[in-house]
Amino acid sequence: MTELKGRKSVIAQIECFPVTIPIEAPILTSYGSLKSYARSIIRLTTEDGYVGYGDVSARIKSSDIDVFRPLLQGLNVWETTPIARRIRNWNYYPWTKPEPLIAAIEMACLDIQGKIVDLPLYELLGGKVRDTVPVAGYMFYRHANEEGEGEIHNADQMIDFAHRCVEHYGFRSLKVKGGYFSPEQDRETLTALRDTFGRDMGLRIDPQGSWSIATAIRIGRQLETLNLDYFEDPVWGAAGMAEVRKDVRIPLATNMCVTQFEELAGAYRMGAVDVILSDLWYWGGIKPSLQLERICSTFGLDIGTHSGTELAIGWAAMIHTAAAMPSMRLSADYMNMHLLDDISVEPRIVPVDGVVRPPEAPGLGITVDEKKLEQYSRLAASGEADDRFLDPAAADSARPGWFPEMPAW
């Protein structure tokens, strides 16, 4: 029998490229403002010449790769389980959460696997169960940019922005990031969106754990008539979520109190959540996210897709994964709509009529633009675009010296 080409593709080199990509205007969360997307691009090269890419938060640094490089070099890119175990089990206590790095390395390995067998990633995941993935426009309040444009500080400005986004992308769902302004303003914005776009527009809100239990119950009851898709992390922790869920008749979603398998059973028994928002990086990769989907389906929990500053590589991985999830019925969050640029050669994957399609090229289907990788690596190295993800002292560009305190409301 002829040996499969690439069957013994072992990892020869692991590189990390911190990059910073500008966005249209600083976006606002309960933790302050964010004026750029800071990521680390992971590049694996095998001894037989295959190259694969992963994408992860820039909080994973080159020094983290240096620690694990000796553990991973020489392993086969098909051995994603042993790779994950070596990263996870290097010590009895993970001082840094290991799942994001595991996810980035697995992503690059799967990218190479697809290139070896000349198949798109979704084929390696068991095949797609849907040709298109519906997405929800991720609506943030925003400060004005340096040109004085892009401000969204009130409901009217949010409606104007939403109109443009719905017209351009065809969104059928909109998600509002709350917690920066008062809960009452968040309520008014959601009400205005419902009045503007009607009952067929999916709506959801994420206060990012910034409300007290009392506030979440009070505002949540007022939001019940809006028929929201879900109420995401209004309070911090599974116990608090369970208290809110007793008194508010809106499905509760999370990507904060249940972000790893060890937390799932307790939250389920407590009755804390109705929707788990899967995140490839929180859960340790693409294959674990598919395992999560099977578990959620078994226990009658809905599953969604969390978005968080990913670039073209991570966005493609999310789409491939969502296309292969049989029980996913909720539209996926779409946060990179705020980017001014990306690092791929191909045109950016943007929604058309509210949906995206997984790339058909081998692996992730993304070709990294080496010139852009160099350009945005220089920007990251300069520190000019650093903000709160990399420099906590720069919490909010509009409030020097301000730091978040939780609960905020």
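See the structure shown above.
Described in the following lines is the structure provided in the data block. Bear in mind that the values here come from a model prediction, so they are computed numbers and not experimental data. Think of each chain on its own: its residues are numbered from 1, step by step along the sequence as written. At least 70 in pLDDT is required for a residue's local features to be given in this predicted model, at least 80 for side-chain atom pairs to be given and counted, and no such filter applies to totals for whole chains, interfaces and linings, which use all residues. With hydrogens and water set aside, each side-chain value is computed from the structure's full complement of heavy atoms.

Before going further, it helps to examine the packing of helix H5 (residues 155-169) against helix H6 (residues 183-197). To describe two helices that pack against each other, one gives the angle between their axes and the distance between the axes. Contact geometry of H5 with H6 gives a least axis separation of 9 Å together with a crossing angle of 45°. Judged by the inter-axis angle, H5 sits oblique to H6. H5 and H6 meet at a crossing whose hand is right-handed. For the pair H5 and H6, the contacting residues are Ala-155, Met-158, Ile-159, Ala-162, His-163 and Val-166 in the first and Glu-188, Thr-189, Ala-192, Leu-193, Thr-196 and Phe-197 in the second. The classification used treats Ala, Val, Leu, Ile, Met, Phe, Trp, Tyr, Cys and Pro as nonpolar, Asp, Glu, Lys and Arg as charged, and all other residues, Gly among them, as polar. A per-class count over the contact of H5 with H6 returns 8 nonpolar, 3 polar and 1 charged. Axis lines are fitted to C-alpha atoms, over the contacting stretch for helices. Their N-to-C directions set the angle, which ranges from 0 to 180 degrees. In DSSP terms, a helix is any run of H or I states spanning at least four residues, a strand is any run of E spanning at least two, and both are numbered starting from the N terminus. Roughly parallel refers to an angle under 35 degrees, roughly antiparallel to one over 145, roughly perpendicular to one between 65 and 115, and oblique to any angle outside these ranges. Put simply, a crossing is left-handed when the front helix is turned counterclockwise from the back one by less than a right angle, and right-handed when it is turned clockwise. A contact between two residues is defined here by any heavy atoms of the two lying within 4.5 Å.

Any Lys or Arg side-chain nitrogen found within 4 Å of a carboxyl oxygen on Asp or Glu counts as a salt bridge. The full count for this structure, using the stated rule, is 25 salt bridges. Asp-131 serves as the salt-bridge partner of Lys-128, at 3.4 Å between the closest nitrogen and oxygen. Residue exposure (1.4 Å probe, protein chains only): buried if accessible area is under 20% of the type maximum, exposed if over 50%, otherwise partly exposed. Overall, Lys-128 belongs to the partly exposed group, its relative accessible area being 30%. Of the residues examined, Asp-131 reaches a relative accessible area of 48% and is grouped as partly exposed. What you see here is one network of salt bridges that share partners, running through Lys-175, Arg-204, Asp-229, Glu-232 and Asp-333.

Moving on to helix H7 (residues 213-223). Of the residues making up H7, those classed as buried are Thr-215, Ala-216, Ile-217, Ile-219, Gly-220 and Leu-223. In this structure, the buried side of H7 is in contact with H6, strand S6 (202-206), strand S7 (230-232) and helix H8 (238-247).

Our focus in this paragraph is the packing of aromatic side chains. A pair of aromatic rings is counted whenever rings of Phe, Tyr or Trp (Trp by its six-membered ring) have centres within 6.5 Å, and the orientation is called stacked for planes under 30 degrees apart, edge-to-face for over 60 and tilted otherwise. Following the criterion strictly, the structure yields 13 aromatic pairs and no others. Arranged with centres 6.5 Å apart and planes meeting at 55°, the rings of Tyr-92 and Tyr-93 form a pair that is tilted. Under the relative-accessibility criterion, Tyr-92 is labelled exposed at 72%. Here a set of aromatic residues connected by ring pairs shows up, and it is made of Tyr-169, Phe-171, Trp-315 and Tyr-334. Whether a charge lies above a ring is judged from NZ of Lys or CZ of Arg, which has to be within 6 Å of the ring centre and within 35 degrees of the ring normal. Geometry around Trp-281 places Arg-39 over its ring, the cationic atom sitting 5.2 Å from the centre. Between the NZ or CZ atom of Arg-399 and the centre of the ring of Trp-402, over which it lies, the distance is 4.0 Å.

The subject of this paragraph is the side chain of Thr-309. Mapped onto the elements of the fold, Thr-309 is located in the loop between strand S10 (302-305) and helix H11 (312-323). Among the residues examined, Thr-309 registers a relative accessible area of 3% and is labelled buried. Residues adjacent in sequence count toward polar contacts only when both atoms are side-chain atoms; beyond that, a polar contact is any pair of N or O atoms within 3.5 Å, and within protein one must be able to donate a hydrogen and the other to accept it. Within the local environment of Thr-309, its side chain forms a polar contact with the side chain of Arg-39, the two groups lying 3.1 Å apart.

Further remarks concern the sheet that holds strand S2 (residues 32-46). If you walk across this open sheet you meet the 3 strands as S1-S2-S3, and the pairing is antiparallel. Where the open sheet ends on each side, the last strands, each with one partner, are strand S1 (11-29) and strand S3 (51-57). When the angles between neighbouring strand axes are averaged without regard to direction, this sheet yields 20°. When S1 meets S2, the two strands line up antiparallel, connected through 14 bridges. By the bridge assignment, Ile-11 is partnered in S2 with Thr-46. Criterion used throughout: strands pair if DSSP finds at least two bridges between them.

Another aspect to go through is unusual backbone geometry. A cis amide bond links Met-406 with the next residue in sequence, Pro-407, at an omega value of -5°. Structurally, the position occupied by Pro-407 is in the segment after helix H12 (370-382). Backbone geometry places Asp-118, a non-glycine residue, at a positive phi of 60°. Take Asp-118: it is sitting in the loop between helix H3 (99-117) and helix H4 (121-124). At Thr-309, a residue that is not glycine, the phi angle is positive and equals roughly 65°.

All quantities given are derived from atomic positions and should not be read as evidence of function.
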